[in-house]
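# What the coordinates show
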Amino acid sequence: MKIYYVKRSVIVNLFAVFVLAFISVLYFNYGIPPVVRTFLNINRQLPIYSVDIPDKRVAISFDASWGSDKTERILQNT
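Being a predicted model, the structure only gives us computed values, none of them experimental. (Residues numbered from 1 in each chain as written. Predicted model: local features only at pLDDT ≥ 70, side-chain atom pairs only at ≥ 80, totals over all residues. Heavy atoms only, no water.)

### Some words on the overall build of the protein
A tally of regular secondary structure across the protein gives three helices and zero strands. For the protein, the α and β elements follow one another from N to C terminus as α-α-α. Relative to its full complement of 78 residues, the protein shows a buried share of 1%. Accessible surface for the protein amounts to roughly 8,700 Å². Of this, 63% is attributable to carbon and sulfur atoms. (Helix = DSSP H or I, 4+ residues; strand = E, 2+ residues; numbered from the N terminus. Buried < 20%, exposed > 50% of the residue type's maximum accessible area, 1.4 Å probe, protein only. Areas by Shrake-Rupley, 256 points an atom, 1.4 Å probe, with all protein chains shown as cover.)

### What to know about the pattern of salt bridges
This structure, assessed with the given rule, holds one salt bridge. Taking the shortest distance from any N to any O, the salt bridge between Arg57 and Asp55 comes out at 3.2 Å. Residue classification places Asp55 among the partly exposed residues on the basis of a relative accessible area of 37%. (Salt bridge = Lys/Arg side-chain N within 4 Å of Asp/Glu carboxyl O.)

### With respect to the packing of aromatic side chains
Applying the stated criterion across every chain yields a total of one aromatic pair. Ring plane angle 20 degrees and centroid distance 6.5 Å describe the contact between Phe18 and Phe22, whose orientation is recorded as stacked. Taken together, the positions of Phe18 and Phe22, both in helix α1 (residues 8-30) and four residues apart, correspond to about one turn of that helix. (Phe/Tyr/Trp six-rings, centres within 6.5 Å; stacked < 30°, edge-to-face > 60°.)

### Observations concerning a nonpolar patch on the surface
On the surface, Phe15, Phe18, Val19, Phe22, Ile23, Leu26 and Tyr30 cluster together to form a nonpolar patch covering roughly 790 Å² of accessible area. The topology assignment puts Leu26 in helix α1. (Patch = residues over 30% accessible without salt bridge, like charges linked within 9 Å, V, L, I, M, F, W, Y side chains within 5 Å.)

### Some remarks on α1
Along its 23 residues, α1 runs 33 Å from first to last C-alpha, staying within 8% of the 33 Å computed at 1.5 Å per residue. Gly31 occupies a position one or two residues after α1 and carries a positive phi of about 80 degrees. (Expected span 1.5 Å × (residues − 1).)

### Some remarks on the confidence of the model for the protein
Residue-level pLDDT values for the protein average 80, and 87% of them are 70 or greater. By mean pLDDT, helix α2 (residues 34-40) is the weakest element of the protein at 73, and α1 is the strongest at 90. (pLDDT = per-residue confidence, 0-100.)

Have a look at this one:
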């Protein structure tokens, strides 16, 4: 019976190659997952800051995600 010893660095390198191959197969078969798109800002839509119109107008917008309980009162005062 022969006993084979494998260095830890070889095992780590083989595992890294396997993980990269697995990720590349998933990427080419299914595309980029939505979680990765979120972190990479792929297809990010930018806000519109100005629009070219003939008459003068002002638009005010605000983010109501924090403190949304006060949104109705703010809208009633406009």
